[in-house]
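If you want the building blocks of each chain, they are given just below.
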Amino acid sequence: EEANVRANEEFKKGNFPGALAEYDEAIKRNPSSAKYHCNKAVTFIKLLEPNQALTAGIRSLEIDSAYAKAYAVKSDCHFLMKEYHKAVDAFNKAKEIDPTLERAT
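What this report covers is the structure whose coordinates are included nearby. As the structure is a prediction and not an experimental result, all values here were calculated from the model.

### Overview of the packing of aromatic side chains
Phase 1: Applying the stated criterion to the full structure yields two aromatic pairs.
Phase 2: Measuring from centroid to centroid gives 5.1 Å for Phe11 and Phe16, while their planes differ by 65°, and the two rings are edge-to-face.
Phase 3: Ring centres 5.3 Å apart and planes at 65° place the aromatic pair Phe79 and Tyr84 in the edge-to-face group.
Phase 4: Of the residues examined, Tyr84 reaches a relative accessible area of 42% and is grouped as partly exposed.

Set out below in structure tokens:
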């Protein structure tokens, strides 16, 4: 969790490469955390790497298929890749799980 906290601090500063390195460390220490993979996906979105973000988001969903934020991140990835129908489908799934969810990023 310490690496995740450091990653969140770097993310808030806008140091996305630094955040990515810390999320990688968090995942190395706890690879079964859907939250860490999802946070890594959001960081890839900030770095304008939607394909890598989608891979991390999908990994998050493989770990926890009921993680609404991961579906919202998946939606953002598809939107960036101009796959609008897939973006809508993923966001609708997120809203089914958590009706209060607005956006991931």
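### Brief notes about the pattern of salt bridges
Phase 1: Counted under the stated rule, the structure contains eight salt bridges.
Phase 2: We note a salt bridge from Lys40 to Asp24, for which the minimum N-O separation is 2.7 Å. Linking Lys40 in helix H3 (residues 34–46) with Asp24 in helix H2 (residues 16–29), this pair joins segments that are 16 residues apart in sequence.
Phase 3: You can call Lys40 buried: its relative accessible area is 19%.
Phase 4: Residue Glu62 is joined to Arg59 by a salt bridge in which the shortest nitrogen-to-oxygen separation is 3.3 Å.

The rules behind these values
Residues numbered from 1 in each chain as written. Predicted model: local features only at pLDDT ≥ 70, side-chain atom pairs only at ≥ 80, totals over all residues. Heavy atoms only, no water. Phe/Tyr/Trp six-rings, centres within 6.5 Å; stacked < 30°, edge-to-face > 60°. Buried < 20%, exposed > 50% of the residue type's maximum accessible area, 1.4 Å probe, protein only. Salt bridge = Lys/Arg side-chain N within 4 Å of Asp/Glu carboxyl O. Helix = DSSP H or I, 4+ residues; strand = E, 2+ residues; numbered from the N terminus.

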